[in-house]
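So you can see what is in the structure, the chains are spelled out below.
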Amino acid sequence: MERKGVTAEESPSPGIEQRNGADAAGAADMVNSMTAPEGQMGSSGGATAPPHSAGSPRAENEPGVSGSRQQSRVRVDARLLEATLLNLRKRVAAIPLVFDIPGAGEASAERAKLLSQIDDYLLPRVRQSAAPILVALVGSTGAGKSTLVNSIVGTQVSLTGVRRPTTNSPVLACHPDDIGWFAENMFLPTLPRVRQEGLAMPGRDGLLVLAACEGMTKGVALLDTPDIDSVVRAHHEFAYQFLDASDLWLFMTSANRYADAPVWEILQHARERGAALGVVLSRVPPSHRAELVAHFNAMLDANGITAGDRFVIPETGVVDSMLPADVFAPIRDWLAETAQRSDRRVAVLSQTMAGVLDTFKARVPRLAAHVDAQVVLRTRLRLDAEAAYSAALTEFDSGTRGARLLRGEVLARWQDYAASGDLGAALRGKRPARKGRRARRGTGVTRVGALDGALRTALQGLVVSVADRAAEQVSRGWRADSAGAALLAESEASRARGERAKREFESAFGTPPPAGASRESALDRSSPDLAPRVTRAVSAWQDQLMRLVQAENLAKRIGGATYDIEPLSMVTLVAMLGEDGDAQGKDKGNGEDGVIAIAAELLASVFGAFESRNLIDKARADLTDRIRLLLDEELLRFIEVLDGAGPLDPVAAVRLYQAEYSLEAAR
């Protein structure tokens, strides 16, 4: 058996932030004091870890711990650290990940990993600082992990054999006096567990088997994890979960598999996390021992793996699923020293916990940046939709100016009505004196009704057309973005499911589907019920216009003269549609006979130039407000799609940054 100790000074770990001076001591001391044995706890709830004597020599095989971390210990409030961890956990759990943007899958996995590390390791260790050190034995298939566990424990507690993977239910072996630490749901609280006497037979995946053994040293627990290169995906995930919940990693690989990719993936994970690490190379043929050990050590050094202790297990016989005593004794002694020596214990817990917390300084801001990207995307999609419908309202306003609607049938109806004697008689304050002249009165009513119908149809068509273009513009813009396209696809799928369910219901009960059902809730066009809503809105607006005309009529009544309100409201409407927005209120004719200009001139002759202008402005403002409400209802369809993706707190990223800052301050 060979063993090699490497101190941190001799082989610093690349990729891990190196500390020096007071900053190094402060970061390490926070964790050390928090995880000190109960006898060293201070009265304030913090803890003071014992300093390493400047004159005492370091043990040859002691895991490397930098001198700056051993020179001083400071008192840290463990309750404050727990509070900041709980606050960070709350913020991480609450972050919204509702849009499928680039990196969303990685962000979701990172959130789950952060929560797992806080729940499974950091909070339990802070709350139970005197709990036994948990050593995770992890490695590749066939490395002999279960055999090593059985040998250290002194009895067969983990199943061994040629079947791969052998370990599907992780086994945690500890002294009977320590079993209470792991029986409660402080350690891996979401993982079900069972106590088992003797050999832990294969059980249900994800079930933690607790084995209490007198042969285990007090203060240390050994966890036999599933193979990292198992063909069962769940085993691979369990291995990483257990590693993130452990204080010390004991990595084990065989001489014929140490160069495999999964081996170095897990070792790089250990390096990135800054975990305390021991390495075992097993099943080494005696004839090639020197070459294999030298090559493996060279690979470790080249990859920045600064394992404090490295062990070699030669190819040897196994009796009753256990190794010869002289083969595994150095590993057993190393574990016992780690548990019994306070300085070793503090060093291990300090390194691992500080390593986890150090990763938060980069991981939490990255997660916050992704949350920001989610908020930015939602804001952009909403602003795009709002801009499209704002442009639609502007287009509608432009369409009701410059006589753009006074064309075709509308112009013909206005010309017919304006040329008739009915309009002139109404504006002169005259009414037919004889009720027997039904033909002429009927003709006048027909002309007014025809003009009114043509104007309503023109306004309705204008509103529907600008709403259709806005819906098409928003849909096209959203589909250009992967997240927006996903939102529209989900909305369309939901609509299709609703229509299918509706058809099935109607088919079962004999009710035919209504016409136009296929367009229900389609987002690339306006709502199917927009046209009748526009008709109602225009009708209500015309009623308000008549009230405005009536008010002006009463104010201008002279000498008992009266005016018919309906013809005056028609003249006001035509004058409003005929005004040119670029002419500062000056009306101009449309067509050779200037028939459009007649409306403005007639209105001014009745009410006066200023009053007629004021009347037109009020009428336009009222119509614009009503159409704005209709377009806002159309816009609401897209807002509902955004809201349907899930709640999105716009300040969630800020809260994450603040929680991480508070955690660093508590350290």
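Since the model is a prediction, treat every value here as computed from it, not as a measurement.

**What about the overall build of the protein chain?**
Link 1 in the chain: Counting secondary structure elements, the protein chain contains 20 helices and nine strands.
Link 2 in the chain: Across the 667 residues in the protein chain, those meeting the buried criterion constitute 50%.
Link 3 in the chain: Counting only contacts in the protein chain whose residues sit at least 6 apart along the sequence, the fraction spanning at least 24 positions is 80%.
Link 4 in the chain: Of the accessible surface of the protein chain, which amounts to about 29600 Å², a share of 53% is contributed by carbon and sulfur atoms.

**Description of the pattern of salt bridges**
Link 1 in the chain: Within the structure shown, the criterion is met by 36 salt bridges.
Link 2 in the chain: With a shortest N-O distance of 3.0 Å, aspartate 358 and arginine 667 are connected by a salt bridge. Note that aspartate 358 is positioned in helix H11 (residues 342-399) and arginine 667 in the segment after helix H20 (652-666), a separation of 309 residues in sequence.
Link 3 in the chain: A salt bridge links aspartate 452 to arginine 456, with the shortest nitrogen-to-oxygen separation between them at 3.3 Å. In this pair, aspartate 452 and arginine 456 both sit in helix H14 (residues 438-479), four residues apart, roughly one turn of the helix.
Link 4 in the chain: One network of salt bridges, with partners in common, ties together Asp397, Arg401, Glu579, Arg613, Asp617 and Arg620.

**So, empty space enclosed by the protein**
Link 1 in the chain: Inspection of the entire model under this criterion finds four cavities of 30 Å³ or more.
Link 2 in the chain: If you add up the space inside the largest cavity, you get close to 160 Å³.
Link 3 in the chain: Together, 14 residues line the largest cavity, and Pro124, Arg125, Ala131, Phe182 and Phe187 are the ones closest to its centre.
Link 4 in the chain: If you list the elements that add at least two residues to the lining of the largest cavity, you get helix H4 (104-127) and helix H6 (179-183).
Link 5 in the chain: Element by element, the count of residues in the lining of the largest cavity is highest for H4, at four residues.

**Details of the pairing of strand E9 (residues 309-314)**
Link 1 in the chain: A large share of E9 lies buried, amounting to six of its six residues.
Link 2 in the chain: Here E9 shows no split at all, with Asp309, Phe311 and Ile313 on one side and Arg310, Val312 and Pro314 on the other all buried.
Link 3 in the chain: Bridging between strand E8 (residues 276-284) and E9 involves five bridges; their strand directions are parallel. Its bridge partner being in E9, valine 284 is matched across the sheet by proline 314.

**Thoughts on the nonpolar core**
Link 1 in the chain: Counting residues in hydrophobic clusters, the biggest one holds 75 residues, and the most contacted among them are Trp414, Trp478 and Trp541.
Link 2 in the chain: Of all the secondary-structure elements, those providing two or more residues to this core are H11, helix H12 (409-419), H14, helix H15 (482-509), helix H16 (530-555), helix H17 (565-578), helix H18 (595-607) and helix H19 (609-644).
Link 3 in the chain: In terms of residue count, the dominant contributor to this core is H14 (15 residues).
Link 4 in the chain: Residue contacts for tryptophan 541: discarding those within four places in its chain leaves Leu459, Leu573, Met576, Ala619, Asp622, Leu623 and Arg626.

**Observations regarding helix H5 (residues 145-153)**
Link 1 in the chain: For H5, a buried count of nine out of nine residues is recorded, marking the element as mostly surrounded by other parts of the structure.
Link 2 in the chain: Of all the positions in H5, only Lys145, Ser146, Thr147, Leu148, Val149, Asn150, Ser151, Ile152 and Val153 are classed as buried.
Link 3 in the chain: Of the surrounding elements, those touching the buried residues of H5 are strand E2 (133-139), strand E3 (171-174), strand E6 (220-224), strand E7 (248-254), E9 and helix H10 (325-340).
Link 4 in the chain: Just past H5, the residue glycine 154 takes up positive phi, approximately 95 degrees.

**Focus on the environment of alanine 259**
Link 1 in the chain: For alanine 259, the location among the structural elements is in the loop between E7 and helix H8 (261-273).
Link 2 in the chain: For the pair alanine 259 and phenylalanine 296, spaced 37 residues apart in sequence, the C-alpha separation works out to 8.2 Å.

Definitions and cut-offs
- Residues numbered from 1 in each chain as written.
- Predicted model: local features only at pLDDT ≥ 70, side-chain atom pairs only at ≥ 80, totals over all residues.
- Heavy atoms only, no water.
- Helix = DSSP H or I, 4+ residues; strand = E, 2+ residues; numbered from the N terminus.
- Buried < 20%, exposed > 50% of the residue type's maximum accessible area, 1.4 Å probe, protein only.
- Contact = heavy atoms within 4.5 Å.
- Areas by Shrake-Rupley, 256 points an atom, 1.4 Å probe, with all protein chains shown as cover.
- Salt bridge = Lys/Arg side-chain N within 4 Å of Asp/Glu carboxyl O.
- 1 Å grid on protein atoms, 1.4 Å probe; cavity = no way out; pocket = protein on both sides within 12 Å on 5 of 7 lines; lining within 4 Å.
- Points joined across faces, edges and corners; volume = space filled by probe spheres on them.
- Pairing = 2+ DSSP bridges.
- Core = buried A, V, L, I, M, F, W, Y, C linked by side-chain atoms within 4.5 Å.

The quantities given are spatial measurements derived from coordinates; they are silent on function.
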